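A look at the structure
Residue strings, one per chain:
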Amino acid sequence: MASPEELAQRAGRGGRWGRVVLKMSGEALAGEGGQTIDAGTVERIAAEIAGARSSTGVELAVVVGGGNIWRGTSEAGRGLDRSTSDTMGMLATVINALALQDAIERHGQPTRVLSAIQMAEVAEPYIRRRAIRHLEKGRVVIFAAGMGNPYFTTDTPAALRAAEIEAEVLLKGTHSGVDGVYSADPKVDPSATRFDEISFMEVVSKELRVMDLTAITFCRDNALAVLVFDLTEPGNIVRALAGEDLGTLIK
Ligand code: UDP
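The residue count restarts for each chain, going from 1 along the sequence in the order it is written. Since the coordinates come from a predicted model, pLDDT governs what is reported: local features require at least 70, and pairs of side-chain atoms require 80 or more to be given and counted, while whole-chain, interface and lining totals use all residues. Side-chain numbers come from the whole structure's heavy atoms, not from hydrogens or water.

1. Regarding the overall build of the protein
Scanning the protein for helices and strands turns up eight helices and nine strands. By the compact-globule yardstick of 18 Å for 251 residues, the protein fits well, its C-alpha radius of gyration being 17 Å. Dimensions of the protein, computed from C-alpha atoms along their principal axes, come out at roughly 45 × 45 × 35 Å. Residue exposure (1.4 Å probe, protein chains only): buried if accessible area is under 20% of the type maximum, exposed if over 50%, otherwise partly exposed. Burial analysis of the protein (251 residues in total) assigns 51% to the buried set. Contacts are assigned to residue pairs that have any heavy atoms within 4.5 Å of one another. Contacts in the protein between residues at least 24 apart in sequence constitute 72% of all its contacts with a sequence separation of at least 6. The convention is simple: Lys and Arg are positive, Asp and Glu are negative, and His and the chain ends are not counted. Where a charge lies is defined by one atom per residue type: Lys uses NZ, Arg uses CZ, Asp uses CG and Glu uses CD. Separation of charge centres in the protein, based on 27 positive and 33 negative side chains, amounts to 5 Å. Comment: elements are numbered from the N terminus, with helices defined as DSSP H or I runs of at least four residues and strands as E runs of at least two. Each radius of gyration is computed over the set of C-alpha atoms, and the globule rule expresses the reference value as 2.2 Å times the number of residues to the power 0.38.

2. Topic: the site of the ligand
Residues are counted as near a molecule or strand when any one of their heavy atoms sits within 4 Å of it. Taken together, 22 residues lie near the ligand, and Gly26, Arg71, Asp86, Asn149 and Thr154 sit nearest. In the analysis that follows, any N or O atom pair within 3.5 Å is treated as a polar contact, provided that within protein one partner can donate a hydrogen and the other can accept it, and provided that, for residues neighboring in sequence, both atoms belong to side chains. Backbone polar atom of Phe152 to a nitrogen atom of the ligand: 3.1 Å apart, as the coordinates give it. Within the contact set of the ligand, an oxygen atom lies 2.5 Å away from a side-chain nitrogen or oxygen of Thr154. All accessible areas in this document rest on Shrake-Rupley with a 1.4 Å probe, and a residue is counted as covered only by the protein chains that are shown. Out of a free accessible area of 520 Å², the ligand has 95% covered by protein chains.

3. Side note on the layout of surface pockets
Using a grid of 1 Å spacing that covers the protein atoms alone, one calls a set of points a cavity when a 1.4 Å probe fits there but cannot get out, and a pocket when the set is open and has protein on both sides within 12 Å along at least five of seven lines; lining residues are those with an atom within 4 Å of a point. Grid points are joined across faces, edges and corners, and a volume is the space filled by probe spheres set on the points. Of the voids in this model, the largest pocket is the one considered here, and its volume is about 1200 Å³. In terms of lining, the largest pocket is formed by 45 residues, of which the most central are Asp155, Lys172, Val210, Met211 and Asp212. Those elements giving two or more residues to the lining of the largest pocket turn out to be helix H3 (82-105), helix H5 (155-164) and strand E6 (169-174). Top element by residues in the lining of the largest pocket is H3. It accounts for five residues. Broken down by class, the residue content of the lining of the largest pocket amounts to 16 nonpolar, 18 polar and 11 charged. By volume, the second largest pocket amounts to about 170 Å³. In this structure, the second largest pocket is lined by Glu27, Ala28, Ala30, Gly31, Glu32, Thr41, Arg44, Ile45 and Thr232. Note on residue categories: nonpolar means Ala, Val, Leu, Ile, Met, Phe, Trp, Tyr, Cys or Pro, charged means Asp, Glu, Lys or Arg, and polar means any other residue, Gly included.

4. Observations regarding helix H4 (residues 128-136)
Looking at H4, one finds that the buried residues are Ala131, Ile132, His134 and Leu135. For H4, the angular spread of the buried residues around the axis is 160°, confining them to a single face. The elements touched by buried residues of H4 are strand E1 (19-24), strand E2 (59-64), strand E3 (111-115), strand E4 (124-125), strand E5 (140-144) and H5. Backbone geometry just downstream of H4 places Gly138 in the positive-phi region, at approximately 90°. By arc we mean the arc of the directions from the helix axis to the C-beta atoms, nothing more.

5. Here's the deal with the sheet that holds E2
Criterion used throughout: strands pair if DSSP finds at least two bridges between them. What the nine strands build is an open sheet, ordered E4-E3-E5-E2-E1-E6-E8-E9-E7; its pairing is mixed. Either end of the sheet is taken by a strand with one partner, and the two such strands are E4 and strand E7 (197-198). For E2 and E5, the ladder comprises three bridges, and the chain directions are parallel. Following the sheet pairing, Val62 is matched in E5 by Ile142.

6. Quick word on unusual backbone geometry
With a phi close to 65°, Ala145 is a non-glycine residue in the positive phi region. Take Ala145: it is sitting in the loop between E5 and H5. Of note in the backbone geometry, Ala223 takes a positive phi value of approximately 50° without being a glycine. Here Ala223 shows up in the loop between helix H7 (213-221) and strand E8 (225-230).

In structure tokens, the structure reads:
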């Protein structure tokens, strides 16, 4: 097993990655017209994932959120028991994972959905060694149901799974039009500048909102690099896998 120091050394630009975890929000699958899951949007992302996987050969696992369907702490969830509401959110990620699986496989790319909540009829259970085996065989692995525990968002299981399968980087795809980590919110402050590279310390101390603090500190503690990039820009998934210069690398 690679040490945190070795993982940190491996993290860098200028060459394709070996194994990655791509995190995308559930909202990345929603259409601009307010659909829960927009077929055209899923198709575009799936086509890119399948194409990027075959053209780069990078071992690829995907974590998809569920915010387009249900978010544990959302307005609608108020009044519900928090754990119940979060469980609903985790089930939402399974719906998204199945949509993504279907779309990716239509492009001839084999996939496996591994769920942190057991549901034998629809997905394999998450077993670390099985996930690694699937990746070695060239399948795209989709991790569903987050971590299986309430009180988290999918950022943290994305980081956790990346560490478990010894991925070199967590590719955090954004869908908000913000293509990396900025000195301030670029939507509010037009003078904000994008960092090409930034340390975990700076992200935490400057309170730059990139992903959940729990996930960021986990990545820092385990020397797992994070590339923040715009998932909605066509061609960016293959660029991210190929280690091209885009977005912001946190290390
Ligand atoms: N969730 C959870 N534990 C996990 C992952 C997710 O309880 O390990 C729940 C939580 O309620 C969260 C919801 O599932 O709000 C959907 O995930 P997330 O908010 O991360 O979706 P995204 O914003 O990425 O679409």
